[in-house]
Amino acid sequence: MDFNILRVARVVMNVTDLSNSRDFYVNALGFIETESDDQHIYLRGLEEHCHHCLVLKKAEKPGVHSIGYKVWHEDDLEKVERLFKKKALYTEWEEAGAQKALGRTLKAADPDGIPLEFFAKMETVERCLQKYDLYKGARMQRIDHVNCMVPDVGKTVAFYNDELGFRCSEYTATADDSIWAAWLHRKPSVHDVAFMNGEGPRLHHIGFWLSDPMSLIHACDVLASMGHADCIERGPGRHGLSNAFFLYIRDPDGNRIELYNGDYLTCDPDFEPVKWDINDPRRQTFWGHKAPDSWFSEATEFIDSVSGKPVAQSKAVLAQQKPDFVT
Ligand SMILES: [Fe+2]
């Protein structure tokens, strides 16, 4: 490929009550609210200089409008467009300013129908990394990754690696060596996007980077103090895969958010993908405890950019729907 995708940079998703969402994302988790109006809240982490990494959009029901990737240069956008057109995939241009703070944007859909956006520019704002007086809740630092359920992980990974230039850091295989899940990156970390086997496409979670594990523990205390303890779905714990410290929580609309800290550098060309057996409990949680069943069944649907309706979903192709230790 002749273009350079830098990293996953933003997600746009629906919420049904902006006030409840503000309480959760800003007051409990510690996002910075860059801007808002009566239909949107634009959020960023403390170390982010971009206007936002998460757009909450008021709507009747949950749904994800797009996963946004930042590219190195404006010229990359035409090159990405050429690829999607060659594959007969949807593309559409939006001029700079059509969406708040965003430069010229290429909207597209991947072969699974996941709505994507590519852009080179987003308005910049003050970076709050050393404004420690603003730190609260989980002290959110930046967007790290998204995780999507797709029906045929092998096929999806081939598109992202071979056509978009992603590299695999770790993957999970079934007994017959089919890829059950894969972690793919453009920035030099474990991932920008992960794909896992399941009915989809659906957004499983958005992962946000924290500066240290204690921020994550503190987030549990803050959530509990604010009466949100029931939103804690899984963790805290340490993943075997990625080595990251994690906590999974559900926002007031059920969207899954991961608080994440502590993966590793992956940029060397001789780095070989790490393989895990799907039935190895240390893969999910290094300490051995199990993910709940909801982890394998619940996720948020995507919204088609053209029709405004939910993106059609297909059943997973692999017979094994979850590890054999989850009952
Ligand atoms: Fe994750």
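Remember, predicted model here, so these are calculated numbers, not experimental data.

Going through the model one piece at a time under the given rule, you end up with 17 aromatic pairs. When the centroid spacing of 4.4 Å and the interplanar angle of 65° are considered together, the rings of Tyr248 and Trp295 count as edge-to-face. Highlighted residues: Tyr248 in strand β15 (residues 245–250) and Trp295 in helix α6 (residues 294–297), separated in sequence by 47 residues. Classification of Trp295 as buried rests on a relative accessible area of 5%. Ring pairing ties together the aromatic residues Tyr69, Phe84, Phe118, Phe159, Tyr160, Phe166 and Phe195, which thus form one cluster. Its end group placed over the ring of Trp295, Arg234 keeps NZ or CZ at 4.6 Å from the ring centre.

The next thing to look at is the coordination of the iron ion. For the iron ion, the full set of protein donor atoms is His145 (NE2), His205 (NE2) and Glu258 (OE), and the range of their distances to it is 2.0 to 2.2 Å. Here the donor residues of the iron ion are spaced in sequence according to H-x59-H-x52-E. With His205 in strand β13 (residues 202–209) and Glu258 in strand β16 (residues 256–261), the pair connects residues that are 53 residues apart, well separated along the chain. Overall, His205 belongs to the buried group, its relative accessible area being 2%.

We now examine the domain arrangement of the protein. Parsing the protein into structural domains produces domain 1 (5–119) and domain 2 (140–294). Distance between the C-alpha centres of domain 1 and domain 2: 20 Å. Counting residues at the interface gives 40 residues for domain 1, matched by 38 residues for domain 2. The largest contributions to the domain 1 side of the interface with domain 2 come from Ile5, Phe24 and Asp112, which together make up 18% of the buried area.

Here we come to the UniProt feature "domain: VOC" (unreviewed entry) in the protein. When the UniProt feature table is mapped onto this chain numbering, "domain: VOC" (unreviewed entry) sits at residues 7–121 and 142–262. Helix makes up 21% of residues 7–121 and strand 40%, with an end-to-end C-alpha separation of 13 Å.

Counting buried positions along strand β12 (residues 193–197) yields five of five residues, so the element is predominantly enclosed. Here five bridges tie strand β9 (residues 142–150) to β12, and the two strands are oriented parallel to one another. Bridging across to β12, Val146 finds its partner in Val193. Pairing of strand β11 (residues 179–185) with β12 involves four bridges; the strand directions are antiparallel.

Relative to the helices and strands, His228 is located in the loop between α4 (213–225) and β14 (232–238). At 3.4 Å, the side chain of His228 forms a polar contact with the side chain of Asp23. Here His228 is in contact with Asp23, Ala28 and Leu223, once residues within four sequence places are set aside.

So, how was this worked out
Residues numbered from 1 in each chain as written. Predicted model: local features only at pLDDT ≥ 70, side-chain atom pairs only at ≥ 80, totals over all residues. Heavy atoms only, no water. Phe/Tyr/Trp six-rings, centres within 6.5 Å; stacked < 30°, edge-to-face > 60°. Helix = DSSP H or I, 4+ residues; strand = E, 2+ residues; numbered from the N terminus. Buried < 20%, exposed > 50% of the residue type's maximum accessible area, 1.4 Å probe, protein only. Lys NZ or Arg CZ within 6 Å of the ring centre and 35° of its normal. Donors = N, O, S within 2.8 Å, 3.2 Å for Na, K, Ca; no water. Domains from an automatic or database assignment. Contact = heavy atoms within 4.5 Å. Buried area = accessible area lost by both parts, 1.4 Å probe. UniProt positions renumbered as here; feature names shortened; annotations may be inferred. Pairing = 2+ DSSP bridges. Polar contact = N/O pair within 3.5 Å; in protein donor to acceptor, adjacent residues only side chain to side chain.

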